[in-house]
Amino acid sequence: MFDGPEPIYVQIAQMIRAQVLAGELAEEEQVMSTTQFATTFRINPATAAKAFAGLVDEGVLHKRRGLGMFVSPGARERLLAEHRRRYFDEVLGPALAQADLLGIPTGDVVAYMLGTRRSTDTKERS
Amino acid sequence: MSAPLPVTAGPTADERAALARAARRRASRTVRRNVVAAFATVGGWFWAIYAVVGVGVPLLVSRAGGEMDGGIFESSAGTPRWFAFVLGIIVPAAALTLHLAAGGTRAAFSAGVVRGAALAGLGFGVLTAAYVSGEQVLYPALGLDWGRAAGLAAGSPAADALLTVVAEALAVTTYVLCGAAIAVGYKRLGVWTGTGFILPMLVLIALTDLAMRGGVGGLVLSNVARSDGIASAGAVALGLAGGLLALALAAGALHLLVRGVRLRPST
Amino acid sequence: MTTPAPFGTRLDDVVVRYGSRSEVVGGSTRVRREATTALDGVTLAIRPGVITGVLGRNGAGKSTLLSLLAAFARPTSGTVSVGPEGAEEDPWENAWVTSNVQLVRESGDLIDDEKLSESLRYYADLRPHWDAGLAVRLLDRFEISTRTKPGALSRGKRSAVGATIGLATRAPLTIFDEVYLGMDAPTRYAFYSEVLADYAEHPRTILLSSHLVEEVERLFEDVVVLDRGRVLLAEPVEDMRARGYSLTGPAAAVAELTGARRVLHEQRLGSTVQVTLEGALGADERAAARAAGVEIGTVPVQDLFVHLTEPRKADR
């Protein structure tokens, strides 16, 4: 856990965002306390606190005095919107640039996407 | 942003001084208690055995129709003192590392050892006086001679007993402190210098023996001088002063040695 | 019971020499007897209320440094001060400081031939913030009976006793010097969790020295690296993490990107090269690397530690 190249607090924030996105953490659901998080993952509480503070600033989490941290209402929607927005800039854009570099015709890319989309689309509907 | 730490203000200078005093008191009290507890248990066994021998031997001798010259106490030449000396080597120094690791200061350690040794000495003094008084009663009852050549004497049996308590307390305390100083000396000075340090400690032991006419030194002195103890008030006072001096020097030596002890990393 | 203010520490130009440091003056010649220099001009501040890792190779001076803070020893020269922020004092023979500093050494300072309960009673008597309940719970967790004599304990169990004492003392400055030695992995993890849990509840300054960098680096907020008696670095662990990066790719491209930077480590696999470099990369350089097909990676703290403390070629 948390073996990636980014600073650990960034990785912690990513993990919580991913859990919210996947619906594993529902809105208004309480997240682990800094202490619980620190002892569970054997991480310095300050590092965990830094991750949580960042998520509060982003509006993913909010603090309730004396109770703890909770997933903010609309957090999932906001994360989805943001990820959708970034998807084209950060994922698809570079992929298409690479395709250009390699001389893959746009038609092939489109055909590939249609092919794979179809299979995942049906999967999602079932 | 880091973890929310409750900001506790540190104590003021006055509060720190009070806390330091409390810490020193706790530490020296613990050392004292440790020393006293060891003497109470191990010393208790020693005195039980000593009493059995002290009563058993004259009983056997009188049954066999033999004669005895003086009592066991005097002829054993200060066995309780040497026993206290050995305990002094073993007991206090064993806890020194633990004491420092538990946050005690060196000064609190030596203060605790001195107090513990004084209490142990007092206990030995009282037991010695009781034992000697016991011999004094037992021997004539068995038809044996009893006399005491060494020691300070004041004339009346009660005063003699009191003097025995005081003199033996001073002596045993000094023996314990010298033992403790020798043990700490090895820790502090290493094997060679530590061994060399035994000598001045034996000098202090000789001083307490000779000044108060007790132990091996007292026995030797009484044999050489053929004096029946010393009974003049001035001589008694001088003897006690010598005993006090020996004790003070032993305590000072222990304190100086302990004060410089450093625990080096084991690697 | 309130949590006392955590202690910080400051060392100023501290030198510690072992062995004979006396200069024997014979006539006009001065003979300097051989002495080992354990700390060689250490200037360092450790933040209060933070868990700091103390790393260094064997003989780097870690234990010596830590023993100064607990007044187990005194520096040959220089000053050491320990205490709450703004009220640091020399710890030597200072009952207020020493009663609030707990150094747990690998040897675990216990009376070997008496029941463990005797040693624990000693700590309980002397330590102002001792938590007997916590001690009982931890010993139970580590499966140690207080009726055992410490001399009969295995190295791992002994270390666990040390961990227990270190936590139950609740000292504003708590130091664990290689306390994990001999513990098996599950016990070590239990130890780390307990340290974090108790630290979160009772904030204090904790110093932890260890060789198992990979295992403990995430426990730290700050890190101090000692190398041959000197402070190599003292900073937040995130900063240390940013001190190096790796480039992996075709030899020529990697060499061009490396330029004049300090190479901490180099590995070759056929025509592919991986170098570990000191410093950080700018955005332009990242782009250039990507364009050249060179992969940028981070370096684990463990590797950084190994590379940074490696004897340089010039020294050999």
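Residues numbered from 1 in each chain as written. Chains lettered and ligands numbered in written order. Predicted model: local features only at pLDDT ≥ 70, side-chain atom pairs only at ≥ 80, totals over all residues. Heavy atoms only, no water.

**Quick notes on the interface of chain C and chain B**
Move 1: Each partner contributes residues to the interface: chain C has 38 residues there, and chain B has 37 residues.
Move 2: For the pair chain C and chain B, the two sides together bury roughly 3300 Å², of which 60% comes from carbon and sulfur.
Move 3: The tally of links from chain C across to chain B stands at 3 salt bridges.
Move 4: Connecting chain C to chain B are 12 residue pairs in polar contact (both at pLDDT 80 or more).
Move 5: For the side of chain C that touches chain B, the secondary structure elements donating two or more residues are strand E1 (7–19), helix H1 (62–69), helix H2 (95–98) and helix H3 (116–126) of chain C.
Move 6: When residues of the side of chain C that touches chain B are assigned to their parent elements, the largest contribution, 6 residues, is made by H3(C).
Move 7: Its residues placed into classes, the side of chain C that touches chain B shows 18 nonpolar, 11 polar and 9 charged. (Contact = heavy atoms within 4.5 Å. Buried area = accessible area lost by both parts, 1.4 Å probe. Salt bridge = Lys/Arg side-chain N within 4 Å of Asp/Glu carboxyl O. Polar contact = N/O pair within 3.5 Å; in protein donor to acceptor, adjacent residues only side chain to side chain. Helix = DSSP H or I, 4+ residues; strand = E, 2+ residues; numbered from the N terminus. Nonpolar A, V, L, I, M, F, W, Y, C, P; charged D, E, K, R; others polar.)

**Regarding the packing of helix H1 (residues 13–63) of chain B against H3(C)**
Move 1: Relative to each other, H1(B) and H3(C) sit at 150 degrees, their axes nearing to 9 Å. On the basis of their axis angle, the class for H1(B) and H3(C) is roughly antiparallel. Counting all contacts with H1(B), which are made through B:Arg26, B:Ala27, B:Thr30, B:Val31, B:Arg33 and B:Asn34, the residues of H3(C) involved are C:Arg121, C:Tyr122, C:Asp125 and C:Leu126. (Axes fitted to C-alpha atoms, helices over the stretch in contact; angles between N-to-C directions. Parallel < 35°, antiparallel > 145°, perpendicular 65-115°, else oblique.)

**Some thoughts on the pattern of salt bridges**
Opposite charge on two side chains permits them to pair, given that their charged atoms come into close proximity.
Move 1: On inspection of all chains with the given rule, the structure shows 30 salt bridges over all chains.
Move 2: In this structure, B:Glu168 engages B:Arg81 in a salt bridge whose closest nitrogen and oxygen atoms are separated by 2.9 Å. Highlighted residues: B:Glu168 in helix H6 (residues 157–196) and B:Arg81 in helix H3 (residues 79–94), separated in sequence by 87 residues.
Move 3: Judged by relative accessible area, which is 5%, B:Glu168 ranks as buried.
Move 4: Owing to a relative accessible area of 2%, B:Arg81 belongs among the buried residues under this scheme.
Move 5: For the salt bridge of C:Arg141 with C:Glu194, the shortest nitrogen-to-oxygen distance reads 2.5 Å. (Buried < 20%, exposed > 50% of the residue type's maximum accessible area, 1.4 Å probe, protein only.)

**Let's talk about the nonpolar core**
Move 1: Core analysis: the biggest nonpolar cluster contains 148 residues, and C:Leu11, C:Leu69, C:Phe176 and C:Phe191 have the highest contact counts within it.
Move 2: Looking at which element gives the most residues to this core, the answer is H6(B), with 14 residues.
Move 3: Inspection of this core shows a minimum of three residues originating in each of domain 1 (7–18 + 34–237) and domain 2 (242–315) of chain C.
Move 4: Not counting residues up to four positions away in its chain, the partners in contact with C:Leu11 are C:Val42, C:Thr43, C:Leu44, C:Leu65, C:Leu68, C:Leu69, C:Thr79 and C:Val80. (Core = buried A, V, L, I, M, F, W, Y, C linked by side-chain atoms within 4.5 Å. Domains from an automatic or database assignment.)

**Focus: the sheet that holds strand E13 (residues 263–269) of chain C**
All names here are of chain C.
Move 1: Reading across from one edge, E13-E14-E12-E15 is the order of the 4 strands in this open sheet, with antiparallel pairing throughout. The two strands at the open ends of the sheet, each matched to only one other strand, are E13 and strand E15 (295–298). Neighbour-to-neighbour, the strand axes of this sheet turn through a mean angle of 20 degrees, independent of strand direction.
Move 2: The sheet contact formed by strand E12 (residues 244–250) and strand E14 (residues 272–278) spans 7 bridges and is antiparallel. Paired with glycine 244 across the two strands is glutamate 278, which belongs to E14.
Move 3: Most of the contacts of helix H9 (residues 251–258) go to E12, to which it runs at about 145 degrees, and overall it touches E12, E13 and E14. (Pairing = 2+ DSSP bridges.)

**Digging into the domain arrangement of chain A**
Residues and elements named next belong to chain A.
Move 1: Along its sequence, chain A is carved into domain 1 (8–73) and domain 2 (76–125).
Move 2: Computed from C-alpha coordinates alone, the two centres of domain 1 and domain 2 are separated by 30 Å.
Move 3: Across the contact, 10 residues belong to domain 1 and 6 residues belong to domain 2.
Move 4: Counting the surface lost from both domain 1 and domain 2, the interface buries some 640 Å², and carbon and sulfur atoms represent 58% of this.
Move 5: Its largest share of buried area at the contact with domain 2, domain 1 owes to Val20, Leu21 and Glu27, together 61% of the area lost on that side.

**Focus on helix H7 (residues 198–211) of chain B**
Residue and element names in this part refer to chain B.
Move 1: With 14 residues, H7 extends 20 Å between its outermost C-alpha atoms, agreeing within 8% with the 20 Å of an ideal straight helix rising 1.5 Å per residue.
Move 2: Of the positions making up H7, those classed as buried are Met201, Leu204, Ile205, Thr208, Asp209 and Ala211.
Move 3: In the stretch just after H7, arginine 213 is the one whose phi turns positive, near 55 degrees. (Expected span 1.5 Å × (residues − 1).)

**Concerning unusual backbone geometry**
Residue and element names in this part refer to chain C.
Move 1: Backbone geometry at aspartate 13 places phi at a positive 50 degrees, although glycine is not the residue there.
Move 2: As for its placement among the helices and strands, aspartate 13 is situated in strand E1.
Move 3: Note on aspartate 13: relative accessible area 48%, which makes it partly exposed.

**Observations concerning empty space enclosed by the protein**
Residue and element names in this part refer to chain B.
Move 1: Under the defined criterion, the tally for this structure stands at 6 cavities of 30 Å³ or more.
Move 2: Each pocket or cavity is described by its volume, and for the largest cavity that value is around 180 Å³.
Move 3: Along its surface, the largest cavity is lined by 19 residues, and Phe73, Arg148, Arg213, Gly214 and Gly215 are the ones closest to its centre.
Move 4: Listing elements by their share of the lining of the largest cavity, those giving two or more residues are helix H2 (72–75), H6 and helix H8 (215–225).
Move 5: Top element by residues in the lining of the largest cavity is H6. It accounts for 4 residues.
Move 6: Of the residues in the lining of the largest cavity, the class split is 8 nonpolar, 6 polar and 5 charged. (1 Å grid on protein atoms, 1.4 Å probe; cavity = no way out; pocket = protein on both sides within 12 Å on 5 of 7 lines; lining within 4 Å. Points joined across faces, edges and corners; volume = space filled by probe spheres on them.)

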